[in-house]
Amino acid sequence: KVNILKEELPCHHHHHHQNSLNVISLRDNKTLEETMPSSKNGGNNTQWTAWLTPVIVLACIAVFIVVMFINDCPKTVAGANGDCVPRFLRRFSFQPLRENPLLGPSSSTLEKMGALDRSKVVNGNEKWRLVTSMWLHAGVVHLIVNMFNVVLIGFRLEKQFGFIRMGLIYLIAGLGGSILSALFLQNSISVGASGALLGLLGAMLSELLTNWTIYANKLAALFTVLFIVAIDLAIGLLPWVDNFAHIGGFLTGFLLGFVILVRPQYGWEESGNSPSQYGAPRARSKYNPCQYLLFFIAAVLVVGGLAVGIVMLLKGENGNKLCKWCHHLDCIETSRWTC
């Protein structure tokens, strides 16, 4: 998610954000296909057809086009000065780069279209912003980076687990990211699918851990996912990226994975269908005790966490008052930028 100061987008912007994301995406591309674990449980792997992932991507692109149509840069002050870029796009042209370096609309348009704005959620009773903000993007650069990652990660999860489970994780993690964001971000607005995206990554991680027994090349997969998550959270430390959405989305997805992505343990499928072949280990129970334990703990935590978050938000709590150091999770001061 990108968070934008309400006046305008800051000038120092994020070429390195894009580059580092592209690096992981390319690395993703290789790793998600090649080092993602292959199952040892033989041919019982149903492959689903992934249709929801492209629908999500198309929806985000369509929303962006509508936002640019409504933004109508030539009609604004920038347009009067002839600063919209590139001019031949006319109504769909972007705000001047000094205002929004990501090639996108003004922050006031994003706010009008449903960006996450704490004061409007809490005082203005506009709770829908918790959901709408995850479909908006701050610019073409932001949109492409996020959609590239949604395609890479979403396709794999949806093929493996079907659209219902993947869609649930995407939406609930997006909501979890928005809730945490609204509790902590006081004076900026936030848009983007990154909370949902980090939720998919978190679920991929917990799925790997809880279904550990059925995967062959699991360590490579584990390090791949951890590496991508680490980079995403590091990017979130930049001043204009909303790391609370990243963290909230990641934790929500991570917990949900233990609950809805559990698979039968190694040896179960063979023992169910046929006599044990060549001494393959016979699993007596469908799931092992560890899976049950993780399921229970994660279910309690995710339901409890979301409930507490929503209640705190409704009461208008400010997360920064309750946690004095938490703002460091979103932005670290350096000589290059202030928070």
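Note that this is a predicted model, so its numbers are computed, not measured.

Section: the overall build of the protein
Okay, step 1: Each helix and strand counted, the protein has 14 helices and two strands in total.
Okay, step 2: Looking at the protein as a whole, 52% of its 339 residues are labelled buried.
Okay, step 3: Looking at the protein alone, contacts between residues at least 24 apart form 78% of all its contacts between residues at least 6 apart.
Okay, step 4: When the accessible surface of the protein is summed, it comes to about 15,500 Å², and 67% of that surface belongs to carbon and sulfur atoms.

Digging into the state of the cysteines
Okay, step 1: Overall, the coordinates contain three disulfides when judged by the stated rule.
Okay, step 2: Across the disulfide, Cys-323 is cross-linked to Cys-326 (sulfur-sulfur distance 2.0 Å). One quick way to see it: the torsion about the S-S bond of Cys-323 and Cys-326 is about 90°, and its sign makes the bridge right-handed. Across this residue pair, the class does not change: Cys-323 and Cys-326 are buried.
Okay, step 3: In the protein, the cysteines engaged in disulfides, taken in order along the sequence, are linked 1-2, 3-4, 5-6.

Thoughts on the nonpolar core
As a rule of thumb, nonpolar side chains are buried together in soluble globular proteins.
Okay, step 1: If you look at the biggest cluster of nonpolar residues, it comprises 42 residues, and the most contacted ones within it are Met-147, Val-150, Leu-157, Tyr-170 and Leu-200.
Okay, step 2: Considering every element that reaches this core, the biggest residue donor is helix H9 (residues 194–210), with nine residues.
Okay, step 3: Setting aside chain neighbours within four positions, we find Tyr-170 in contact with Ile-56, Met-134, Trp-135, Val-150, Ala-193, Ala-196 and Leu-200.
Okay, step 4: Ile-179, Ala-182, Leu-183 and Leu-185 belong to the second largest nonpolar core, which has 14 residues in total.

Describing H9
Okay, step 1: Across its 17 residues, H9 extends 24 Å between first and last C-alpha, which sits within 8% of the 24 Å expected from 1.5 Å per residue.
Okay, step 2: The buried fraction of H9 amounts to 16 of the 17 residues, a majority that puts the element mostly inside the structure.

A word on the UniProt feature "transmembrane region" (unreviewed entry) in the protein
Okay, step 1: Within this structure's numbering, the places UniProt gives as "transmembrane region" (unreviewed entry) are residues 48–70, 134–155, 167–185, 191–212, 219–238, 244–262 and 292–314.
Okay, step 2: The distance separating the terminal C-alpha atoms of residues 134–155 is 19 Å; by composition the span is 73% helix and 0% strand.

Observations regarding the confidence of the model for the protein
Okay, step 1: Summing up the model confidence of the protein, the mean pLDDT is 85 and the portion of residues at 70 or higher is 83%.
Okay, step 2: Below a pLDDT of 50 lies the segment residues 7–35, which in the model reaches 62 contacts outside its immediate sequence neighbourhood of four places, other chains included.

Focus: the packing of aromatic side chains
Okay, step 1: Within this structure, the stated rule accounts for eight aromatic pairs.
Okay, step 2: A centroid spacing of 5.7 Å and a plane angle of 45° characterise the contact between Phe-69 and Phe-92, whose relative ring orientation is tilted. Here Phe-69, found in helix H2 (residues 52–71), pairs with Phe-92, found in the loop between helix H3 (77–80) and helix H4 (107–112); they are 23 residues apart in sequence, far enough to count as distant.
Okay, step 3: Under the relative-accessibility criterion, Phe-92 is labelled partly exposed at 34%.
Okay, step 4: An angle of 75° between the planes, with centres 6.4 Å apart, marks the rings of Trp-240 and Trp-337 as edge-to-face. With a gap of 97 residues between them, Trp-240 in the loop between helix H10 (218–235) and helix H11 (243–260) and Trp-337 in the segment after helix H14 (319–322) connect regions that are remote in the sequence. Residue Trp-240 shares its accessibility class with Trp-337, and that shared class is buried.
Okay, step 5: Chaining the aromatic ring pairs together yields one cluster made of Phe-250, Phe-254 and Phe-258.

Structural notes on the packing of H11 against helix H13 (residues 289–314)
Okay, step 1: Running from N to C, H11 and H13 point in directions that differ by 140°, and their axes come no closer than 8 Å. Between H11 and H13, the interaxial angle falls into the category oblique. Between H11 and H13 lies a crossing of left-handed hand. Residues Thr-252, Leu-255, Leu-256, Phe-258 and Val-259 of H11 lie in contact with H13, whose contacting residues are Leu-294, Phe-295, Ala-298, Ala-299, Leu-301, Val-302 and Leu-306.
Okay, step 2: By residue class, the composition of the contact of H11 with H13 is 11 nonpolar, one polar and no charged.

Parameters at a glance
Per chain, the residues get numbers from 1 upward, laid out in the order the sequence is written. The predicted nature of this model means local features are confined to residues of pLDDT at least 70 and side-chain atom pairs, given and counted, to a pLDDT of 80 or more, with totals for whole chains, interfaces and linings taken over all residues. Remark: hydrogens and water are excluded; side-chain values derive from all non-hydrogen atoms of the structure. In DSSP terms, a helix is any run of H or I states spanning at least four residues, a strand is any run of E spanning at least two, and both are numbered starting from the N terminus. The buried label applies to any residue whose accessible area, calculated with a 1.4 Å probe on protein chains only, is under 20% of its type's maximum; exposed applies above 50%, and partly exposed to all values in between. A contact between two residues is defined here by any heavy atoms of the two lying within 4.5 Å. Only the protein chains shown count as cover for residues, and the accessible areas themselves come from Shrake-Rupley with a 1.4 Å probe. In this description, a disulfide is simply a cysteine sulfur pair whose atoms lie within 2.5 Å. To define a nonpolar core, start from buried Ala, Val, Leu, Ile, Met, Phe, Trp, Tyr and Cys residues and group those joined through side-chain atoms within 4.5 Å. To estimate the expected span of a helix, count its residues, drop one, and scale the result by 1.5 Å. UniProt positions are given in the numbering used here, feature names are shortened, and annotations may be inferred rather than shown by experiment. pLDDT expresses how confident the predictor is about each individual residue, on a scale running from 0 to 100. For Phe, Tyr and Trp, where Trp contributes only its six-membered ring, two rings pair if their centres lie within 6.5 Å, and the inter-plane angle classes them as stacked under 30 degrees, edge-to-face over 60, or tilted in between. Between N-to-C directions, angles cover 0 to 180 degrees, with each direction set by a line fitted to C-alpha atoms, over the stretch in contact for helices. Small angles under 35 degrees read as roughly parallel and large ones over 145 as roughly antiparallel, with 65 to 115 read as roughly perpendicular and the rest as oblique. A clockwise turn of the near helix away from the far one marks a right-handed crossing, whereas an anticlockwise turn of less than a right angle marks a left-handed crossing. Under the grouping applied here, Gly and all other residues not named as nonpolar or charged are polar, the nonpolar ones being Ala, Val, Leu, Ile, Met, Phe, Trp, Tyr, Cys and Pro and the charged ones Asp, Glu, Lys and Arg.

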